[in-house]
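# Residue-level structure breakdown
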Amino acid sequence: MLPQLRRDQFDNLEKHTQSGIEFVERYSKFVKERSEIEISYAKQIRNLSKKYQPKKNSREEEENKYTSCRAFLSTLNELNDYAGQHEVIAENLTSQIITELSRYLTELKAERKSHFHDGRKAQQQIESLWKQLESSKRRFERDCKEADRAQQYFERMDADINVTKADVEKARQQAQMRHQIAADSKTEYSNYLTKFNQEQNEHYYTLIPNIFQKLQEMEERRIERVGVSMKTYADVDREVLPIVGKCLDGMTKAAESIEPKTDSKQVVESYKSGFEPPGDVEFEDYGPGQTMKRTVSETSLSNSRGEAKERPGGGKSKGKLWPFIKNKNKLMSLLTSPHQPPPAPPASSPPSPCAVPNDPQSPKQNKEPLSNRFNEFMASKPKMTCLRSLRRGGSGPEDFSHLPPEQRRKKLQAKIDDINKDIQKEMDQKDALTKMKGVYEKNPQMGDPASVDPRLVEMAMNIEKLQSEVQKFEGWLAEVEGRLPSRSDPPRRQSGLYESQNSNSTMVDNNCAQDRESPDGSYTEEQSSETQVKVAIANTPEFDDEFDDGDEETLPTIGTCKAVYSFEGNTPLTGHNEGTISVTEGELLFVIEQDKGDGWTRVRRNEEEEGYVPTSYVEVFLETNTKDS
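Residues numbered from 1 in each chain as written. Predicted model: local features only at pLDDT ≥ 70, side-chain atom pairs only at ≥ 80, totals over all residues. Heavy atoms only, no water.

### A look at the overall build of the chain
The cut-off we apply is this: Put simply, DSSP marks the helices as runs of H or I at least four residues long and the strands as runs of E at least two long, and each gets a number from the N terminus on. Accessible area is worked out with a 1.4 Å probe on protein chains only. A residue is then buried under 20% of its type maximum, exposed over 50%, and partly exposed in between. Residue contacts are defined here by distance: any two heavy atoms, one from each residue, within 4.5 Å place the two residues in contact.
Counting secondary structure elements, the chain contains 15 helices and seven strands. In the chain, buried positions account for 34% of the 629 residues. Sequence separation of 24 or more characterises 77% of the internal contacts of the chain that already satisfy a separation of 6 or more.

Below you can see the structure in the form of structure tokens.
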């Protein structure tokens, strides 16, 4: 700093140092916001990791046996550690920068205030001396002028002959007194001037330079402190990089541990059924007066040979023909439209425009096969899985007879292993109590041997009970292993549906014998297939309890329709028009399925009421995207 800095430079320094303090406060605020961002980011990462952690007793927990799922779990754990490092960054930024800068700012403001207070005090002192010097100078000037006037007055009086001698003497004394006052004022002015010069010299060459030097050092320390904080800011991030690198290495290692072949083998082992493949279908010739046998494909809906038959124990296994729908009546309404053709509209009213292409009297109408209706129903439920029953624990009987043979064998074996572990645990505890009883018998002062007997009896009963459980499950396991087909056995064609429904076979065959012909002369067996399905569902008593209502999904709405005529649908008393719904003239309904060529349109009134109505009885308004598709 130059010693000749004037007061305006002093004011500039004051503004500059204030801006320096504001810069430190701004940088401290920046670091604080960065710390808050790190804390928020770490919290979101932890919540994300927690959100995708497998839930207990859920399907996700069972899937951890796959290498890809275990790798994902390891990635989530590493991500949780990664979030912890961001929390470390936030803590270090707060403790090493924000807290330190806050304390330093307090000290810096106090030091700056002290220096500028000293500067202002020195400035006021020099200004006070300058005012005193100016005052003594003006007084000296005034006294000198008065002394000159007194001397001139004395000289005039002395030259005037008319003035008395006493007046001349008085004028001479007055002039001398004025000269003495002027001499005193001169001395005082000289003293003030000397003092001011000394103070001014000390002010500009000692006091002010020292103050400026202290301000300069203060400013340099401030700048240096900001630089140290910036370096610490970078070091805080650098310190966690090794651990962050380990977290990323863990994620990479987890990804490299994925084994597709192992996972695929796990799937094969988990869902291997053990069913014997069906054999070839025999050729049946057609002759006059003969009725061809109706069979259902075993690859889709029928039960296996072993599950359809009655077990030696007297119980029957569950026959699950339709593993997606709980309500049987709703199943039939989904798969088939009403059997009889729709009624013609009243003759008194003109037919609706949409009834022309779907006229029930059209000679070329063909009913849609049951398999097509089933395939359409399956396509409308993409989220369902036929293996859901295998994943639900505790929903089946104790012997796991609802599972395929191979899966049943695995479940039984796992159950036997668990019971054996419990037996071993009970036996270990029994051995420990037996040893304790022996110690009590040898040292009665340690305890009463008889106090252990009730517990030993209880353990013996538990072991006996568990052993009986093992024998029971081992019997079921032996039964399953005896039924599993060997690879050398030739495949045989199975007809589980007819074997499991022997009591209804006569009625089914009679219905099937009444073969129908479509108007164009082609043969159709839709009625017999539907009858078989109804008989199979009606004789499955445990079907309703196998699946939840929550798995059913409603079909989307594709348009609206307005009833042109009233129609009496299905009623519980008559049973006519099964799967239909009653409508009144002018009623508005939602369309969920277009006419498939059989003269019926599927509509919905609300979430619980839906069914078929004759297409010629309603006027359909389809949505634009449905028409385009």
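After that view of the structure, there is still more to cover.
### Thoughts on the pattern of salt bridges
This is how it is decided: Here, a salt bridge means any side-chain nitrogen of Lys or Arg that lies within 4 Å of a carboxyl oxygen of Asp or Glu.
The full count for this structure, using the stated rule, is 25 salt bridges. Across the pair Glu 593 and Arg 602 runs a salt bridge whose closest N-O atoms are separated by 3.6 Å. The pair Glu 593 / Arg 602 is uniform in exposure class, with both members buried.

### Here we look at the nonpolar core
For the record, the criterion: Within this scheme, the nonpolar core is defined by two criteria: the residues are buried Ala, Val, Leu, Ile, Met, Phe, Trp, Tyr or Cys, and they are joined through side-chain atoms within 4.5 Å.
Among the nonpolar cores identified, the biggest contains 32 residues, and Tyr 27, Val 31, Leu 93, Ile 97, Phe 212, Leu 215 and Tyr 233 are the most heavily contacted of them. Counting residues per element, the ones that place at least two in this core are helix 1 (7–51), helix 3 (67–159) and helix 4 (165–256). Core analysis: the next-biggest nonpolar cluster, separate from the first, contains 15 residues, Ile 581, Leu 589, Val 591 and Val 618 among them.

### A look at the sheet that holds strand 5 (residues 600–604)
Which entries qualify depends on this criterion: At least two DSSP bridges between two strands are required for those strands to pair. Note on geometry: axes are lines fitted to C-alpha atoms, helical ones only across the stretch in contact, with angles between N-to-C directions running from 0 to 180 degrees.
Across the sheet, five strands lie side by side as 6-5-4-3-7; this open sheet has antiparallel pairing. Both edges of this open sheet fall to strand 6 (610–614) and strand 7 (618–622), since each of them pairs with a single strand only. Adjacent strand axes in the sheet meet at a mean angle of 40° when their direction is disregarded. Looking at chain direction, strand 4 (residues 588–593) and strand 5 are connected through three bridges and run antiparallel. Across the sheet, residue Glu 593 finds its bridge partner in strand 5, namely Arg 602.

### Structural notes on helix 10 (residues 405–442)
Note the following rule: To estimate how far a helix should extend, the number of its residues minus one is multiplied by 1.5 Å.
Between its terminal C-alpha atoms helix 10 stretches 55 Å, which fits the 56 Å expected from 38 residues at 1.5 Å a residue. The set of residues buried in helix 10 consists of Glu 406, Gln 407, Arg 408, Leu 412, Ile 416, Ile 419, Ile 423, Glu 426, Leu 433 and Tyr 440.

### Concerning the packing of aromatic side chains
So the rule is basically this: The pairing test for Phe, Tyr and Trp rings, Trp by its six-membered ring, is centres within 6.5 Å, and the orientation test on the planes gives stacked under 30 degrees, edge-to-face over 60, and tilted for anything in between.
Counting across every chain of the model gives nine aromatic pairs. Both rings, one in Tyr 52 and one in Phe 72, keep their centres 6.5 Å apart while their planes meet at 80°; by these two values the pair is edge-to-face. Within this pair, whereas Tyr 52 is found in the loop between helix 1 and helix 2 (59–62), its partner Phe 72 is found in helix 3, the two being separated by 20 residues in sequence. Owing to a relative accessible area of 43%, Tyr 52 belongs among the partly exposed residues under this scheme. The partly exposed category is assigned to Phe 72, whose relative accessible area is 40%.

### A closer look at the confidence of the model for the chain
Spelled out, the test is: Per-residue confidence from the prediction method is given by pLDDT, with values spanning 0 to 100.
Here the chain averages 74 in pLDDT, and 67% of its residues register 70 or above. Across the chain, element-level confidence peaks in strand 3 (residues 559–563) with a mean pLDDT of 92 and bottoms out in helix 12 (residues 496–500) with 37. Scored below 50 in pLDDT, residues 1–5 shows seven contacts in the model against residues more than four places distant or in partner chains. The low-confidence segment residues 300–336 (pLDDT under 50) makes 104 contacts with residues lying over four places distant or belonging to another chain.

### Some remarks on the environment of Arg 238
Of note, Arg 238 is situated in helix 4. Put simply, Arg 238 and Ile 89 are 149 residues apart on the chain and 9.5 Å apart in space, counted from C-alpha to C-alpha.

### Examining the packing of helix 3 against helix 4
Put simply, the rule reads: In these notes the angle categories are as follows: under 35 degrees is roughly parallel, over 145 is roughly antiparallel, 65 to 115 is roughly perpendicular, and the rest is oblique.
Taken N-terminus to C-terminus, the directions of helix 3 and helix 4 make an angle of 170°; their axes are 6 Å apart at the nearest point. It follows that helix 3 is roughly antiparallel to helix 4 by the angle criterion.

### Here's the deal with the side chain of Arg 112
Our working definition: Whenever a nitrogen or oxygen atom comes within 3.5 Å of another N or O atom, the pair is scored as a polar contact, on the condition that within protein one atom can donate a hydrogen and the other can accept it, and that pairs from neighbouring residues in sequence are kept only if both atoms are in side chains.
Along the chain, the position of Arg 112 falls in helix 3. Side chain to side chain, Arg 112 and Thr 17 meet in a polar contact 2.8 Å long. The contacts of Arg 112, once residues within four sequence positions are left out, are Glu 14, Thr 17, Gln 18, Ile 21 and Met 218.

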